[in-house]
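Coordinate inspection notes
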Amino acid sequence: MGLIWLVLAAIAVWALARLGRQTEGPRRGHWRVAATLLSAVLLAGGALAASHGAWLAAAGLLGSGLWLVLSSRIRAVARRTEAMSDTEARSVLGVGTDATPEQIQAAWRRLMARAHPDQGGTEGLASRLNAARDRLRKR
């Protein structure tokens, strides 16, 4: 019985650590919180069923818990298929029509410092800033 409590404690610590890393918007963050809690319950139920010898139920619970963990970790990135215009690129970076390459790079660095996914931004916004910089550098 001590092993079951050890497994449940490990799952609880894992769930709390995972919840602490939530940095996304409220809609996606709520899904991840719910998925984490539900997957922790499924994994704990699978461990409990396995300890009682119910191997089929344990396999089903563990499999669905692992699937939920993996599916909640997938991040969908919206890709734009159409090319960005010069006007749109200037408005994204906040530079004028007569901006030099140095000014474009400085604006990109300033915005990327806040929009980078490691700094709490999103992958979509970071890729949009990169596309705007690349568009203005090509002209």
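Residues numbered from 1 in each chain as written. Predicted model: local features only at pLDDT ≥ 70, side-chain atom pairs only at ≥ 80, totals over all residues. Heavy atoms only, no water.

1. What to know about the overall build of the chain
For the chain, the helix and strand inventory stands at six helices and zero strands. Each helix and strand of the chain, placed in order from N terminus to C terminus, yields the pattern α-α-α-α-α-α. Looking at the chain residue by residue over its 139 residues, the buried ones come to 28%. Considering only contacts in the chain between residues 6 or more positions apart, those separated by 24 or more positions represent 57%. Surface summary for the chain: the accessible area is close to 9,100 Å², and the carbon and sulfur share equals 64%. (Helix = DSSP H or I, 4+ residues; strand = E, 2+ residues; numbered from the N terminus. Buried < 20%, exposed > 50% of the residue type's maximum accessible area, 1.4 Å probe, protein only. Contact = heavy atoms within 4.5 Å. Areas by Shrake-Rupley, 256 points an atom, 1.4 Å probe, with all protein chains shown as cover.)

2. With respect to the packing of aromatic side chains
Evaluated as defined, the whole model comprises zero aromatic pairs. Note that R133 overlies the ring of W108, its terminal NZ or CZ placed 4.1 Å from the centroid. (Phe/Tyr/Trp six-rings, centres within 6.5 Å; stacked < 30°, edge-to-face > 60°. Lys NZ or Arg CZ within 6 Å of the ring centre and 35° of its normal.)

3. Side note on helix α4 (residues 86-93)
Since the α-helix packs 3.6 residues into each turn, any two residues three or four apart lie on the same face. Restricting attention to buried positions, one finds in α4 the residues A89, R90 and L93. On an axial view of α4, the arc spanned by its buried residues comes to 100°, and they lie on one face. Opposite its buried face, α4 presents the exposed residues T87 and S91, each directed more than 90 degrees away. Remark: G94 follows α4 within two positions and exhibits a positive phi of approximately 75°. (Arc of directions from axis to C-beta.)

4. Re the pattern of salt bridges
For side chains bearing opposite charge, pairing can occur when the charged atoms are close. Counting across every chain of the model gives three salt bridges. For D86, the salt bridge identified is with R135, shortest N-O distance 2.9 Å. Taken together, the positions of D86 in helix α4 and R135 in helix α6 (residues 123-138) put the pair 49 residues apart, joining distant regions of the chain. Judged by its relative accessible area of 24%, D86 is partly exposed. By relative accessible area, R135 is classed as partly exposed at 35%. The partner of D134 in a salt bridge is R133, with the nearest N and O atoms 3.4 Å apart. Using a relative accessible area of 13% as the deciding quantity, one classes R133 as buried. (Salt bridge = Lys/Arg side-chain N within 4 Å of Asp/Glu carboxyl O.)

5. A closer look at the environment of Q103
Considering the arrangement of structural elements, one finds Q103 in helix α5 (residues 101-115). Each C-alpha atom, one on Q103 and one on L93, is 9.9 Å from the other, the two residues being 10 residues apart in sequence. Not counting residues up to four positions away in its chain, the partners in contact with Q103 are V95 and D98.

6. Topic: the packing of α4 against α6
Between two packed helices, both the angle of their axes relative to each other and the distance between the axes serve to describe the pair. Two numbers describe how α4 lies on α6: the axes approach to 9 Å, and their chain directions differ by 125°. Of the possible angle classes, the one that applies to α4 and α6 is oblique. You can see that α4 and α6 cross each other, and the crossing is left-handed. Only R128, L129, A132, R133, R135 and L136 of α6 make contact with α4, whose side of the interface consists of D86, E88, A89, R90, V92 and L93. A breakdown of the residues in the contact of α4 with α6 according to their chemical character gives six nonpolar, no polar and six charged. (Axes fitted to C-alpha atoms, helices over the stretch in contact; angles between N-to-C directions. Parallel < 35°, antiparallel > 145°, perpendicular 65-115°, else oblique. Left-handed = near helix turned anticlockwise from the far one by under 90°. Nonpolar A, V, L, I, M, F, W, Y, C, P; charged D, E, K, R; others polar.)

7. A look at the confidence of the model for the chain
When pLDDT is averaged across the chain, the result is 79; 76% of the residues are at 70 or more. The spread of mean pLDDT over the elements of the chain runs between helix α1 (residues 2-20), the lowest at 68, and α5, the highest at 92. (pLDDT = per-residue confidence, 0-100.)

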